[in-house]
Amino acid sequence: MARFQSGEIELGMWEVDYQTLDMVVEAVGEFSDDNRAGIARTLHRISAIRNRSGNVVGLTCRRGRAIYGRVEIIRDLVESEKSILLLGRPGIGKTTMLREVARVVAEDLSKRVIVVDTSNEIAGDGDIPHQGIGRSRRMQVASPHLQHRVMIEAVENHMPETVIIDEIGTELEAAAARTIAERGVQLVGTAHGNTLDNLLSNPTLCDLVGGVESVTLGDGQARRWGTQKSILERRAAPTFDVLVEIKDRDRIVVHRDVAASVDSLLRRESVLTEVRTHKDGKIEVELEYSDIDEPETLTSLSPPTPPNARSGPMRIYPFGINRKRLSQALKSLRLDAEIVDGLDNVDVMLTLRSYYRKRPGQLREAEERNVPVYVLRNNSVAQLETCLASVFEMHVAVPPSDPIAEAEAAARQVLETSETAELWPADSFTRRLQHQIAERYNLNSRSFGSGPKRRVHLSKRLPWRRRS
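Quick summary incoming for the structure in this document. The shown structure was predicted, so the numbers you read here are calculated from the model rather than taken from an experiment.

### Observations regarding the overall build of the protein
Line of reasoning, step 1. Scanning the protein for helices and strands turns up 14 helices and 24 strands.
Line of reasoning, step 2. Residue burial in the protein is summarised as follows: out of 468 residues, 46% are buried.
Line of reasoning, step 3. Within the protein, contacts between residues at least 6 apart in sequence are counted, and of these 61% link residues at least 24 apart.
Line of reasoning, step 4. Accessible surface, the protein as shown: approximately 24100 Å² in total, 47% of it carbon and sulfur.

### Description of the pattern of salt bridges
Line of reasoning, step 1. Under the definition given, this model contains 29 salt bridges.
Line of reasoning, step 2. Residue aspartate 263 is joined to arginine 234 by a salt bridge in which the shortest nitrogen-to-oxygen separation is 3.1 Å. Taken together, the residues span a long stretch of sequence, with aspartate 263 in helix 8 (residues 258–266) and arginine 234 in strand 12 (residues 230–234) at a distance of 29 residues.
Line of reasoning, step 3. Overall, aspartate 263 belongs to the buried group, its relative accessible area being 6%.
Line of reasoning, step 4. Using a relative accessible area of 7% as the deciding quantity, one classes arginine 234 as buried.

### Examining the packing of aromatic side chains
Line of reasoning, step 1. Applying the stated criterion across every chain yields a total of 1 aromatic pair.
Line of reasoning, step 2. A ring pair is formed by tyrosine 317 and phenylalanine 319, whose centres lie 6.4 Å apart and whose planes are at 50°; its orientation type is tilted. Phenylalanine 319 shares its class with tyrosine 317; the two are buried.
Line of reasoning, step 3. The positively charged end of arginine 50 is found above the aromatic ring belonging to phenylalanine 31, 5.6 Å away from the centroid.

### Some thoughts on the nonpolar core
Line of reasoning, step 1. In terms of nonpolar packing, the biggest core is built from 32 residues, with Val116 and Leu208 touching the most fellow members.
Line of reasoning, step 2. Mapped by element, the contributors of at least two residues to this core are strand 6 (84–87), strand 7 (113–117), helix 4 (147–158), strand 9 (162–168), helix 5 (171–182), strand 10 (186–191), helix 6 (196–200) and helix 8.
Line of reasoning, step 3. Element by element, the count of residues in this core is highest for helix 4, at 5 residues.
Line of reasoning, step 4. Contact partners of leucine 208, with chain neighbours within four places excluded, come to Leu85, Ile168, Ala174, Ala177, Ala191, Pro238, Thr239 and Phe240.
Line of reasoning, step 5. Judged by nonpolar contacts, the second largest core, of 27 residues, contains Ile74, Ala106, Ile122 and Val188.

Analysis parameters
Residues numbered from 1 in each chain as written. Predicted model: local features only at pLDDT ≥ 70, side-chain atom pairs only at ≥ 80, totals over all residues. Heavy atoms only, no water. Helix = DSSP H or I, 4+ residues; strand = E, 2+ residues; numbered from the N terminus. Buried < 20%, exposed > 50% of the residue type's maximum accessible area, 1.4 Å probe, protein only. Contact = heavy atoms within 4.5 Å. Areas by Shrake-Rupley, 256 points an atom, 1.4 Å probe, with all protein chains shown as cover. Salt bridge = Lys/Arg side-chain N within 4 Å of Asp/Glu carboxyl O. Phe/Tyr/Trp six-rings, centres within 6.5 Å; stacked < 30°, edge-to-face > 60°. Lys NZ or Arg CZ within 6 Å of the ring centre and 35° of its normal. Core = buried A, V, L, I, M, F, W, Y, C linked by side-chain atoms within 4.5 Å.

Right, here's the structure in full:
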């Protein structure tokens, strides 16, 4: 069977027997510990499928090609001499881009480049590397579990200015990468994962972007910041300065400042990224604020009475919800509601998923009284605002004539009053301009909502503590 991106083609109806497999195995190079072999001076890769006895019962033959021009979309990043980490799903072109980086840095920039080639995938099989890596030198790895040793050996013995590494996948390799970066060597590598968020969730590889640790705040500090006592912080400076998420062959997302992106993700804030697209021979760059996760709001029983069908403020009972943040969300959305301490005459109950799973007495009593219960994943203001907007079935009457002037006025108001502000729903281009205004006023800004109701929220920046 021959498989292409466009589909599959049957090469014949005959059965593959041991004799055919043995013939192919004898014609290729020796299989390494990871069951991979190759053909000298080519980028083709042959991988073996073995039975329990260790005999080859199947083969995957992947045709490799050196595609020139793939590096142009990140050429400015490579020339900046910063360390770059590439992420993306298997087969998206990470190794192809690495090969191009090696060639450009060695030939166009005339630097000393070492390629640590674990499975001979970057520079092909055999002692003579493929011409796709240009004047770069290649160090082969005898066994995959020795890759971290070869990485350190490359720096200690061969004085490279740039080291190229494919598939950083273990804790030892992550530690070796940090050692290389701390010695002032430019590092360009790939790792398992599709996005920066994936990498943060991977305990083995999160050290590549600084790592994560839980920090306990004092009572007074937690109250001043309006947060829980236990928060997540970046543990150290990232190994890589820049992170590139490869979405497809002509589109990438760039995190120019990995430290700032990680800090924003840990605070549940929007992250500023560059979306680059290769179209008609030109590179188009667009700034974009990535979305934070929308709340997973679960509702039990019937929904509350809409505000236009009732009189007086809506009575909300928060169980396990931060009251200060709830009050902030109500004030930001200008909702007619009050926070109560019990279930008497309550209209809505808000709680967290962790409480809802334990089913304490207050939740059981609320369900017996037929009180609607809204369950949120966390205590963030963004989730509370989205949930309250759903509860109140919010609709805005008249849009502003100038959304940019609205953002300017709201930014000045936030600076003067330390309150938050929510702007009118706008398209992505207008929201991007509003984010830039917030950045100019040194304010936090994030987009929330979906579709035509997506809008920007402004707030003052808190004195978050960073570690380096």
